[in-house]
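# Structural characterization, general
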Amino acid sequence: MRTEMPLLPVDERVKSFKEIELGYSLEQAIKEAGRCLQCKNPVCIEGCPAKVDCKAFIEQVMLGEFDKALEIIEEKNPLASFTGRVCAEEAQCEGACVLAKKNQAIAIKALERFVSEHGKNMWKPGKGNGKKIAIVGSGPAGMAASIELRKKGFEAEVFEALPQLGGILSWGIPGYRLDPKSVGKVINDIKKKGVVFKEKQKIGRQKKLSELMKDFDAVLLAIGEGKAKDMDLPGIEKQGVLYWDKFLQGFGAGGKSFGSKKAVVIGGGNTALDSARVLKRLGCSVTVAYRRNMPFMPCNKSEFVHAMEEGIEFRMQLKPKAFLGKEGLEKVAFTKIEIEKERFVDTKEVEELEADVCVVAIGQEYDASAVNGTELEGKAIKINGVKTELWGVFAAGDLANEEKTVVHSVASAKKAADEIEAYLNEKK
Ligand SMILES: Cc1cc2nc3c(=O)[nH]c(=O)nc-3n(C[C@H](O)[C@H](O)[C@H](O)COP(=O)(O)OP(=O)(O)OC[C@H]3O[C@@H](n4cnc5c(N)ncnc54)[C@H](O)[C@@H]3O)c2cc1C
């Protein structure tokens, strides 16, 4: 039988921002690793977007060799303490595991987290090659790229717009899923290995991208997509209607008083579910309204299950129509959606949900001001793989990826580091 992740009891969870997943004990990790069939054709590796050799690291866990296990993971993924907490494992490595068919997939994500906590991080900077790379953004893509570039012997300087480092891992994903201390720990380790981080340096404002292009041998844009997409509906300006980015930046760490009681969240991704679970912890009764049905929800399955356990209500097939109220928000009006011939279609029926706060979480986009002052100002940044149309400027993470996840960010950061190396070798 699969060893499930030990969890904080639900009544404690909804009162705190402490991590709810407690992590495996040594005995649990070794027992779970012992279930791995060590397949001849390890399809779990294919399932991992970063192509971590899951089979090999699990074998080392079984043998109690946690440093070796971490070394194997870090060959492909230097941010195991994050991916071991937030990956959508059911759609990735564990979804591919041959035991998944019996609902007994090896708990690869939990083992990865265990290894990140029990193995000793061994990576070392490579022999200096005299070249300097500027990285814009300190999220997982920026962090992973800085590690990969240091391993190759480059100097790396990271420019971060915000006062805090870590990107969405520090201000977006709340502490009950990812303890901010684990972000600080990784960043401190990266700093010790020689990467320089510069906070409150918004490229396009404090410094121009063109200056970085002059002062560095190459630039990596890892600016993410941390801006909420606008919604153009009547009443959107009402007091009580918030976008997920501002909401999570203000309340994602908890601790502040919050007057609202009835909350509606619009959306079905991780941003919507995190907003809902934060609202719950701030004392609201929460309903998540999603325009399609459950199988289409882009959130991690575990987020959905935990949100249900925490008492969040889900209403499917509701498409937002207007925000209503005399002054502040009182209700959100939705058009009901029906399924006809496997398609979602609007009906004429309207449903109103009472709410004194509504968080809109329908999508994300990048802040284009990073390219102010270059030929790209005012245009969409064209990206092909990890290359931008600007000579010597590369891209990684959410900015470059179709799939916006931490592990995809890590994979693209590694690719970008390889491309930067190839570009500079060619230039010699
Ligand atoms: C609420 C939420 C929950 C999520 N849950 C999950 C999950 O469970 N699992 C998962 O895998 N993924 C999840 N994601 C997605 C994941 O967080 C992203 O895929 C990942 O953070 C992208 O990394 P990144 O480095 O590209 O960008 P980011 O993490 O967004 O970091 C970009 C950084 O660049 C900085 N920046 C932007 N512009 C500039 C500039 N001009 N100058 C300097 N710095 C700049 C930003 O301030 C930021 O710090 C979630 C996202 C959100 C918002």
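Everything quoted here is computed from the prediction, not taken from an experiment. Residue positions are given per chain, counted from 1 along the sequence in the order it is written. For this predicted model, a pLDDT threshold of at least 70 governs which residues receive local features, and a threshold of 80 or more governs which side-chain atom pairs are given and counted, while totals over whole chains, interfaces and linings are taken from all residues. Working from all heavy atoms in the structure, the side-chain values ignore hydrogens and water.

## Things to note about the domain arrangement of the chain
- The source of the domain bounds is an automatic or database domain assignment. Looking at the assigned domains, one finds that the chain contains domain 1 (21-118), domain 2 (132-226 + 366-427) and domain 3 (228-363).
- In this structure, domain 2 and domain 3 have C-alpha centres spaced 31 Å apart.
- Opposite the nine residues of domain 2 that make contact, domain 3 presents 14 residues.
- Two parts placed together each lose some accessible area under a 1.4 Å probe, and the buried area is that loss summed for both. Surface buried jointly by domain 2 and domain 3 totals about 800 Å² across both partners, of which 55% is contributed by carbon and sulfur atoms. Whether two residues touch is decided by their heavy atoms; if any such pair falls within 4.5 Å, the residues are in contact.

## With respect to the pattern of salt bridges
- Here, a salt bridge means any side-chain nitrogen of Lys or Arg that lies within 4 Å of a carboxyl oxygen of Asp or Glu. In total, this model carries 33 salt bridges according to the counting rule given.
- Of the charged contacts in the structure, one is a salt bridge between Arg 35 and Glu 32, with a shortest N-O distance of 2.9 Å.
- Each residue is assigned to one of three classes by its accessible area relative to the maximum for its type, calculated with a 1.4 Å probe on protein chains only: buried under 20%, partly exposed between the two thresholds, exposed over 50%. In this structure Glu 32 comes out as buried when scored by relative accessible area, which is 0%.
- Each member of the salt-bridge network shares a partner with another, and the members are Arg 13, Arg 177, Asp 274, Arg 277, Arg 281, Glu 303, Glu 309 and Glu 310.

## So, the site of the ligand
- Around the ligand, a shell composed of 35 residues is seen, among which Val 86, Glu 160, Arg 177, Asp 398 and Val 406 lie nearest.
- Contact distances for the ligand include 2.7 Å between a nitrogen atom and a backbone N or O atom of Val 86.
- Here the open area of atoms and residues is found with the Shrake-Rupley method and a 1.4 Å probe, where only the protein chains shown may cover a residue. Expressed as a share of its isolated accessible area of 1,000 Å², the protein-covered part of the ligand is 96%.
- Going along the chain from the N terminus, every DSSP run of H or I of four or more residues is numbered as a helix, and every run of E of two or more is numbered as a strand. Going through the elements one at a time, helix H9 (140-151), helix H13 (244-251), helix H14 (270-281) and helix H16 (406-427) are the ones with two or more residues in the shell around the ligand.
- With three residues, the single largest contributor to the shell around the ligand is H14.
- Looking at the shell around the ligand, you find at least three residues from each of domain 2 (132-226 + 366-427) and domain 3 (228-363). The cutoff for a nearby residue is simple: one of its non-hydrogen atoms must lie within 4 Å of the molecule or strand. Whenever a nitrogen or oxygen atom comes within 3.5 Å of another N or O atom, the pair is scored as a polar contact, on the condition that within protein one atom can donate a hydrogen and the other can accept it, and that pairs from neighbouring residues in sequence are kept only if both atoms are in side chains.

## Structural notes on the layout of surface pockets
- For each structure, a 1 Å grid was placed over the protein atoms alone; sets of points admitting a 1.4 Å probe that cannot get out are labelled cavities, open sets with protein on both sides within 12 Å along at least five of seven lines are labelled pockets, and lining residues have an atom within 4 Å of a point. Grid points are joined across faces, edges and corners, and a volume is the space filled by probe spheres set on the points. The computed volume of the second largest pocket comes to approximately 630 Å³.
- Every residue lining the second largest pocket is counted, 23 residues in all, and those nearest its centre are Arg 2, Glu 4, Glu 89, Glu 94 and Ser 302.
- Contributions of two or more residues to the lining of the second largest pocket are made by helix H7 (93-96), helix H8 (108-118) and helix H15 (301-309).
- At five residues, the largest contribution of residues to the lining of the second largest pocket is made by H15.
- Throughout this entry, Asp, Glu, Lys and Arg are counted as charged residues, while Ala, Val, Leu, Ile, Met, Phe, Trp, Tyr, Cys and Pro are counted as nonpolar. The remaining residues, Gly among them, count as polar. Residue composition of the lining of the second largest pocket, by class: eight nonpolar, six polar and nine charged.
- Both domain 1 (21-118) and domain 3 (228-363) contribute no fewer than three residues apiece to the lining of the second largest pocket.

## A short note on the side chain of Lys 109
- Position of Lys 109 among the secondary structure elements: in helix H8.
- A polar side-chain atom of Lys 109 sits 3.0 Å from a polar atom in the side chain of Glu 89.
- With residues near it in sequence (within four places) discarded, Lys 109 still touches Thr 83, Gly 84, Arg 85, Val 86, Cys 87, Glu 89, Glu 94 and Ser 302.

## What about the sheet that holds strand E6 (residues 241-243)?
- DSSP calls a pair of strands paired once it identifies at least 2 bridges connecting them. Within the open sheet, the five strands sit side by side as E6-E13-E7-E8-E9. Their pairing is parallel. Looking at the sheet topology across the chains shown, the edges are occupied by E6 and strand E9 (313-315). In this sheet, adjacent strand axes meet at a mean angle of 25° when their direction is disregarded.
- Here five bridges tie strand E7 (residues 262-266) to strand E8 (residues 285-289), and the two strands are oriented parallel to one another. Paired with Ala 263 across the bridge in E8 is Val 286.
- Its contacts with the sheet place H14 against E7, E8, E9 and strand E13 (357-360), and it is angled at close to 170° to E7. Every axis corresponds to a line fitted to the C-alpha atoms, with the helix fit spanning only the stretch in contact, and the corresponding angles, defined between N-to-C directions, vary from 0 to 180 degrees.

## Focus: the nonpolar core
- Buried Ala, Val, Leu, Ile, Met, Phe, Trp, Tyr and Cys residues that are joined via side-chain atoms within 4.5 Å together make up what is termed a nonpolar core. Ranked by size, the top nonpolar core spans 39 residues in total, and within it Leu 79, Phe 82, Ile 135, Met 143, Leu 169, Leu 220 and Ile 420 carry the most contacts.
- Those elements giving two or more residues to this core turn out to be helix H6 (80-86), strand E1 (132-136), H9, strand E2 (155-159), helix H11 (180-192), strand E4 (218-221) and H16.
- It is H16 that provides the largest number of residues to this core, a total of eight residues.
- Mapping this core onto the domain boundaries places at least three of its residues in each of domain 1 (21-118) and domain 2 (132-226 + 366-427).
- When neighbours within four sequence positions are excluded, Phe 82 is seen to be in contact with Cys 87, Met 143, Leu 169, Leu 178, Ser 182, Val 183, Val 186 and Val 406.
- Of all hydrophobic cores here, the second largest spans 34 residues; its members include Tyr 24, Phe 66, Ala 69 and Ala 105.

## With respect to unusual backbone geometry
- Backbone geometry places Lys 200, a non-glycine residue, at a positive phi of 55°.
- Structurally, Lys 200 is set in the loop between strand E3 (196-198) and helix H12 (209-215).

## Considerations on the packing of helix H4 (residues 54-62) against H8
- Two elements in contact, H4 and H8, have axes separated by 11 Å at closest approach and are oriented at 60°. Taken together, the axes of H4 and H8 lie oblique to each other. In the crossing of H4 with H8, the sense of the turn from one axis to the other is left-handed. Residues Cys 54, Phe 57, Ile 58 and Val 61 of H4 touch H8, and the partners they reach there are Ile 108, Leu 111, Glu 112 and Val 115.
- Among the residues making up the contact of H4 with H8, the classes are represented as seven nonpolar, no polar and one charged. Here the word oblique covers every angle except those under 35 degrees (roughly parallel), over 145 (roughly antiparallel) and from 65 to 115 (roughly perpendicular). In a left-handed crossing the near helix is turned counterclockwise from the far helix by less than a right angle, and in a right-handed crossing that turn is clockwise.

## What about the packing of aromatic side chains?
- Only centres within 6.5 Å qualify two rings of Phe, Tyr or Trp (six-membered ring in Trp) as a pair; their planes then separate them into stacked at under 30 degrees, edge-to-face at over 60, and tilted for everything else. Per the counting criterion, the structure on display carries nine aromatic pairs.
- Only Lys NZ and Arg CZ are tested; either one counts as a charge over a ring when it is within 6 Å of the ring centre and within 35 degrees of the ring normal. The lysine or arginine in question, Lys 132, covers the ring of Phe 216, its NZ or CZ lying 4.9 Å from the ring centre.
- Its end group placed over the ring of Tyr 176, Arg 281 keeps NZ or CZ at 3.9 Å from the ring centre.

## Examining the environment of His 118
- Mapped onto the fold, His 118 is located in helix H8.
- With a relative accessible area of 37%, His 118 lands in the partly exposed category.
- His 118 sits 30 residues away from Glu 148 along the chain, and the two C-alpha atoms are 22 Å apart.
- Contact partners of His 118, with chain neighbours within four places excluded, come to Phe 66 and Asp 67.

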